[in-house]
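# Coordinates in review
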Amino acid sequence: MDTLRRGLDSREAKGIEYVELRADDVVQTAIDARERGVEVISKRIESGHSARVLLNGCWGFAVADGSKNVALTIGQAAKVARSLAGGKNTGSVELADIRPVRKHAKAVAETPLDQVRTADKAAFCKRLSSYVVGTDKRMTSALSMYRDFCGKRYLVTSEGAEVETDVSMLYLYSSASGKENGSPASSRDEVAVTGCGWEHFERVEPHEVIGNRLKRKVQNEMSGAKCKRGSFPCILGPKVAGMLAHEALGHLSEADFFASGAFAGLVGKRVAPEMVTMVDSPFVKGWFGNIEVDDEGVSPRKVVVIDKGVLGEQMTNREWARKLGKKPTGNARAESYRFPPIIRMRNTYFERGDMRRDELLESIKFGYYCGDIRGGQAEANSSFQVGIQECHEILNGEIAGPVRDLAISGMAVKSLMLIDGLGKDFGFESSYCGKINQSMATSDGGPDIRLRKGAIVFGGSG
Amino acid sequence: MMAREQDLEEAVSSALEEALGAGRKLECAEVEAYASCGRMQRITAEQSSITAASSLSENVLFVRVVEDGRLGIAFSSSFDARRVRQCVEDARDLAKIAEKDSQWPGFAPNPGAYPRIQGLFNKSVESLSADDQRGMLELMIDGATRTAKGIIVNIAGVEVSRKATGVANLNGLDALSKDTLVNAYCWTVRGKGKSVTPDCTNVRASRRPDIDFEKIGETSALIALHSSTLKKPRTEECSVVFSPMAVGFSDMGLLSTLMARGLSGERIFRKNSFLQEKVGERIASKKLTLVDDPLGPGLSGSRPFDDEGCPSRRTELVSDGVLKGFLWDNYFGSISGAGSTGNAIRDRSTGSVSVSPTNLQVKPGRGDMEKIISGIDHGYFVWGCQGVHTSNFETGNFSFVASPGLLIEKGELVGGVRGAMLSGNIIELLANIDIIGSEVQDFGGSLMPTMSFRDVRITTG
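Calculation criteria
- Residues numbered from 1 in each chain as written.
- Chains lettered and ligands numbered in written order.
- Predicted model: local features only at pLDDT ≥ 70, side-chain atom pairs only at ≥ 80, totals over all residues.
- Helix = DSSP H or I, 4+ residues; strand = E, 2+ residues; numbered from the N terminus.
- Rg over C-alpha atoms; globule rule 2.2 N^0.38 Å.
- Buried ≥ 20, exposed ≤ 12 C-beta atoms within 10 Å, placed from the backbone.
- Contact = placed C-beta atoms within 7 Å.
- Domains from an automatic or database assignment.
- Nonpolar A, V, L, I, M, F, W, Y, C, P; charged D, E, K, R; others polar.
- Pairing = 2+ DSSP bridges.
- Axes fitted to C-alpha atoms, helices over the stretch in contact; angles between N-to-C directions.
- Parallel < 35°, antiparallel > 145°, perpendicular 65-115°, else oblique.
- Left-handed = near helix turned anticlockwise from the far one by under 90°.
- Expected span 1.5 Å × (residues − 1).
- Core = buried A, V, L, I, M, F, W, Y, C linked by C-beta atoms within 7 Å.

So, about the overall build of chain B. Along the backbone of chain B there are eleven helices and 23 strands. The C-alpha radius of gyration computed for chain B amounts to 23 Å, which stays within 12% of the reference 23 Å derived for 461 residues, consistent with globular compactness. C-alpha extents for chain B along the principal axes are approximately 70 × 55 × 35 Å. Counting all 461 residues of chain B, 60% fall into the buried class. Excluding contacts between residues fewer than 6 apart, the proportion of contacts in chain B whose partners are at least 24 apart in sequence is 73%.

Next up, the structure:
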C-alpha cells in the first residue's frame, strides 16, 4: 500500500486528472484429480501492479510485474492516454463524483485456505472423483478441478480511496461421464464461494454431497429421452432462472451494453408481468459475487434492474454513471491488476414468488422442467442459448421422465412478458462470467419460473 | 519504456537458464521451464468513440518438476531471479506430495533442430506508433459507420504485440522464438430497443500490419444492416451457409469448437471423443480435407515449436472425408504410442499441458461467399454460432442459435432471423457438405473458408 501511495506523490502523477493504482499479491493453488489419482498440482504467485489514468478525456492503462517502479507505470499509462488526445472520434470521459472509500475488507474464513495443507486439498479432490466412479458402476470417469486464491489486493486513487482486500476464494468444478446401454452421457457441477474457508467442504458441501449431485445429473442424462423440438410451456428451475437473469437480462442492464441493447429506451416501461422483480446485489451470504468495495473505490449498492415488471436502473461504473447523470452503483470490477475495471454483475437474481411447485406444475399438460445448466451465451438483442442438464418432461401437471442433450433458446425481452408464475423456493449457481476477455466471480439465481408456450424454444441435439 | 524484441528474447533466455540452474542445484530429477515475455499496446473504442489505450507487459514462467514420476507445477508473473528459484522450489515441493504416474514418459526429448518459418516476426510492427494504431482503429470505425445510417460500433479495438517464447528442459531441449501479431476486432449493432440486431462481430489477425481495417468495419456493419430487416424463420430442413467466422473462429465456430475437441489425442486416450475408433472411416463428405498446419509462412497461427518445445509439424486429420489421425502432446502421444504432433498447449490457469490444434485449416474449394449464397434458392446464412460451446463432445451432438442469422431467398440475403436454432450431429452434418469456399480467413489459430451444407435442421418457436 505504501508503494502505491508513494506512486501518487511521484512526479509522473502530477497534473493528471485521475490516477488509480491497483496491486495484487495473490497465491493460487490448482489441483485436478481423477478417480485414479491427482493429475495436476500447481501453485501460482501473481504479484504486480497497474496504473489507470484519465487524461484529456481518455483512459490510459499500463501493467507491470512486481511492486517496484510504480511511477514508471503511471508515466507509461499517461503516455498512451496522451497518444489519443486530439484524434478523430476520440472520447471525452468524465467521472461521476463519489465519496472515496478507505477500508480494509477482511475475509471471515474459519479455516483459512492457506492454512490447509495442499496434500489435504488434493486428497479431497481425489476422494470426490473416486466416490463418483466407485459408487455407481455406470460412471466411467470423474474429474475434480479445484482452485483457490489467497492473498491481498490493494487500490489507491488520487481522490483518496484506499482499499485493502483479503482474498479468499474457493472454486471446484467437477464433471463425470457415464455409459448405459452403449450411450455416453456427461454432466458438470460447480461450487464457488468468496470470503469463506475450507470449512465449506467440511460442513456445507462435503464430497458425498457434491458427488451424489453430480451422479444424479449424469444418471438423468443417461436415461433421458430426446426432447421434442419446438416451443412448449415450461418451468425454469432456480439455476436456469439465474442464467436468464444474468446472461440474457443482466448483461443488457450493464450501462456499457445498455445503450445499444434490447432494453434501450424502455426505462420506466413495463418489460415483464408485475410479479417480476430482478436485482443485482453486492452481497448475498454464501454467494460468489460478493464485494465490499468495487475496483474504482466505490461503495457498492443494490441495483433493482426490474422493479415489479417495470425496467429500472442500470449497473454502472463512474464513467457511465456520469453519462447517465446517476449515482454510481459500484459495479466496476477487474479480474486482477492486469485488467482495467469494467462494468460487471455481482449477484443477480429474480426475487421469489409465492407459488408451491405443485401449483406451478398443475396447469401444464405437456412441457419441460429445466433444472440445471451446462453453459450458455446471450447477446445485446437478448437472444440467448443455454445448454440444459437435469431436464424432465412435465406430463399432466406432474414431473415425468428425464430428457437428455437439451438446449434452449429465446429472446429474453419476449420471454420475460410470458412469465406467468414464480415459485417460493429459491436457489442459485456460482461461476465465472466472461466479458471483454475478463473472467469474473458471479452468482445468479431465483425461484422456479413458469413460462407460457412461445417463450422458450427447445432444440435438443442428436 | 517498451522493451525491444532483443530484450524480450534475452529476458526469456535468462529466465529459462535461471530455472534450469536452480533445478540442477536442487538436484531435481527432471525440470522443464516455459517462459514468455510480451509487450502489447491496445487501443479501444466504445460506442463509436475511442476512449482508452493500454500498454501491457506480460512475463509468464511455468516450471514443471518431476521426481520419481511425481509432477509438481509452479508459475509466476515475474522473472526476478529470486522468484524464479522460488518457483522451482515450489514445483519440487509439490512433486513430493503428488501421486506417482507409472506411465510418466519424461519431458520432451531434444529434437536437435526446429523448422524455420518465415514471416512470424515483422519489423514494421515494432515501429508502429500509437498514432498509427489509432489511425487503424479510426479506419475500422469509419468503415462501419459509413456503411449505413444507424450503425453503432459497440466495441472495437486494435492490438499490436511482440512476444518472445522459450522452452527448455534438462534433456537438452532449448527452444526460443519471437513473433509479432496484429489483432483487429469490430462489434457493431443497428437499431434500438426491441429491434436491435444481434452482435455483428468481425475479427482478423495477422503477423503484419497489412489488415484491411476499413473492410473489417464495413463487413461487420453490412451484417448488421442485413440483420436489421426482420424475417421470420421456419422449422424446417434446408440449406445453410456458414461464414468463415461460423466455421472456425474460436468458440463461435462450429469446426473450431467441435472438431478441435474431437480430434484431441487426450480425448481419444480418455475415450470421450465422438471420433473414437474412427480412423480410416469416412466421417465427412469427400469434399472435406482438414489439416493442422503450424508451418505456413506468415500465418498468425504458425509457430516453430509447441508449449513443451516439441517441433511443429503439419498433421493430416481428415483427407477427402476420411479420418486420418489425431493431435497429440508429448505425454499422451508417448503413452498412446502415436508420438507428439507438436500440439501441446499450456493451460494458463494451472500451468499444466493439454492438447489443442495450432492452426486448423479446411482445404479451400471453389466459389466465393457471394457466389455460394447466390446459388441457394431458400436457406439461411450463419455469421456466428451462439452457444456452440455447449455441444456434447462425446457424441458430437450440437445445438446452437444462428446469431447473427440471415435468410436467403432466391440467392439474396433478404433479412435477419432471430432465434433460429440449428441442431444435429457433427458427423451427419459433415456428410452433407455442399460447397467449400475458395477464400480463407486467418483468425490466428484457424484458417477457414465459407462452407455450405444441405438438409440442416432448423427449429423455431
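Picking up where we left off.
Here we come to the domain arrangement of chain A. All names here are of chain A. You can read the domains of chain A as domain 1 (2-223) and domain 2 (230-458). If you look at the interface, domain 1 gives 38 residues, while domain 2 gives 30 residues. At the level of elements, strand E1 (18-34), strand E2 (37-55), strand E3 (58-65), strand E4 (102-105), strand E5 (139-157), strand E6 (162-180), strand E7 (183-194) and helix H5 (207-223) are the ones that each hand at least two residues to the side of domain 1 that touches domain 2. With seven residues, the top contributor of residues to the side of domain 1 that touches domain 2 is E7. The residue inventory of the side of domain 1 that touches domain 2, partitioned by class, reads 18 nonpolar, nine polar and eleven charged.

Moving on, we come to the sheet that holds strand E8 (residues 290-292) of chain B. Residues and elements named next belong to chain B. Here we have six strands laid out as an open sheet, ordered E10-E9-E8-E13-E22-E21, and mixed in their pairing. Strand pairing shows two members of the sheet lacking a second neighbour, strand E10 (322-323) and strand E21 (441-442), which therefore form its edges. Relative to strand E13 (residues 360-362), E8 runs antiparallel, the two sharing three bridges. Within E13, the position partnered with Val-291 by the bridge is Gln-361.

Residues and elements named next belong to chain A. Spatial strand order, E12-E11-E10-E15-E22-E21: six strands in an open sheet with mixed pairing. With partners counted over all chains shown, the strands left at the sheet margins are strand E12 (310-311) and strand E21 (427-435), one partner each. One ladder, built from three bridges, connects strand E15 (residues 347-350) with strand E22 (residues 438-446); its direction is parallel. When the sheet's bridge partners are listed, Tyr-349 is paired in E22 with Gly-445.

The next subject is the interface of chain A and chain B. Contacts between the two partners involve 75 residues from chain A, matched on the other side by 74 residues from chain B. In terms of residue count, E2(A) provides more of the side of chain A that touches chain B than any other element does, eleven residues in total. Among the residues forming the side of chain A that touches chain B, the class breakdown is 29 nonpolar, 35 polar and eleven charged. Where E3(A) lies against strand E2 (residues 49-67) of chain B, four bridges are found, and the strand directions are parallel. Looking across to E2(B), one finds that Phe61(A) is bridged to Ser54(B).

Right, let's get into the packing of helix H4 (residues 130-147) of chain B against helix H5 (residues 213-227) of chain B. Residue and element names in this part refer to chain B. Following both chains from N to C, one finds H4 and H5 inclined at 30°, their axes separated by 7 Å at the closest point. The angle between H4 and H5 places the two elements in the roughly parallel class. Considering the relative orientation of H4 and H5, their crossing is right-handed. Of the residues in H5, those touching H4 at Met-136, Leu-139, Met-140, Ile-141, Asp-142, Gly-143, Ala-144 and Thr-147 are Phe-213, Glu-214, Lys-215, Ile-216, Gly-217, Glu-218, Ser-220, Ala-221, Leu-222 and Leu-225. Of the residues that constitute the contact of H4 with H5, the class distribution is ten nonpolar, four polar and four charged.

Residue and element names in this part refer to chain B. Domain annotation of chain B identifies domain 1 (5-219) and domain 2 (229-459). Inter-centroid distance (C-alpha atoms) of domain 1 to domain 2 is 23 Å. Between domain 1 and domain 2, the residue contacts involve 31 residues of the former and 33 residues of the latter. Every element with two or more residues in the side of domain 1 that touches domain 2 is listed here: strand E3 (70-76), strand E4 (151-169), strand E5 (174-190) and strand E6 (200-206). Counting residues per element, the side of domain 1 that touches domain 2 draws most heavily on E6, at six residues. Residues of the side of domain 1 that touches domain 2, tallied by class, amount to 19 nonpolar, nine polar and three charged.

Here the focus is the pairing of strand E1 (residues 30-46) of chain B. Residues and elements named next belong to chain B. Among the 17 residues that make up E1, 14 are buried, leaving the element largely enclosed by the rest of the structure. With 17 bridges connecting them, E1 and E2 associate as antiparallel partners. Bridging from a neighbouring strand, Ile-43 pairs with Ala-53 of E2. In this structure, E1 lies alongside E4, joined through 15 bridges in antiparallel fashion. Each residue of the ladder has a partner; that of Gly-38, found in E4, is Lys-163.

Okay, the environment of Gly427(A) next. All names here are of chain A. Along the chain, the position of Gly-427 falls in strand E21. In this structure Gly-427 comes out as partly exposed when scored by C-beta crowding, with 19 C-beta atoms within 10 Å. Considered as a pair, Gly-427 and Ser-83 are 344 residues apart in the sequence and their alpha carbons are 49 Å apart.

When strand E7 (residues 236-242) of chain B meets strand E23 (residues 451-459) of chain B, the two strands line up antiparallel, connected through six bridges. Bridge pairing in E23(B) places Val241(B) opposite Ser452(B).

Further remarks concern H4(B). Owing to its 3.6 residues per turn, the α-helix brings residues three or four apart onto one side. All names here are of chain B. With 18 residues, H4 should cover 26 Å at 1.5 Å per step; its first-to-last C-alpha distance of 26 Å lies within 8% of that length. Taken together, the buried positions of H4 are Gln-133, Arg-134, Met-136, Leu-137, Glu-138, Leu-139, Met-140, Ile-141, Gly-143, Ala-144 and Thr-147. Buried-residue contacts for H4 involve E1, E2, E4, E5 and H5.

On to the nonpolar core. The nonpolar side chains of soluble globular proteins are, as a tendency, buried together. Counting 290 residues, the largest nonpolar core has Ala19(B), Leu61(B), Val63(B), Met140(B) and Tyr380(B) as its most contacted members. No other element matches the ten residues that E2(B) contributes to this core.

In a pair of packed helices, the angle between the axes and the distance between the axes together describe the arrangement. Residues and elements named next belong to chain A. At a minimum axis separation of 9 Å, helix H3 (residues 118-134) and H5 run at an interaxial angle of 40°. Of the possible angle classes, the one that applies to H3 and H5 is oblique. Relative to H5, the crossing made by H3 is right-handed. Judged by residue contacts, Phe-124, Arg-127, Leu-128, Tyr-131 and Val-132 of H3 engage His-207, Glu-208, Ile-210, Gly-211, Leu-214 and Lys-215 from H5.

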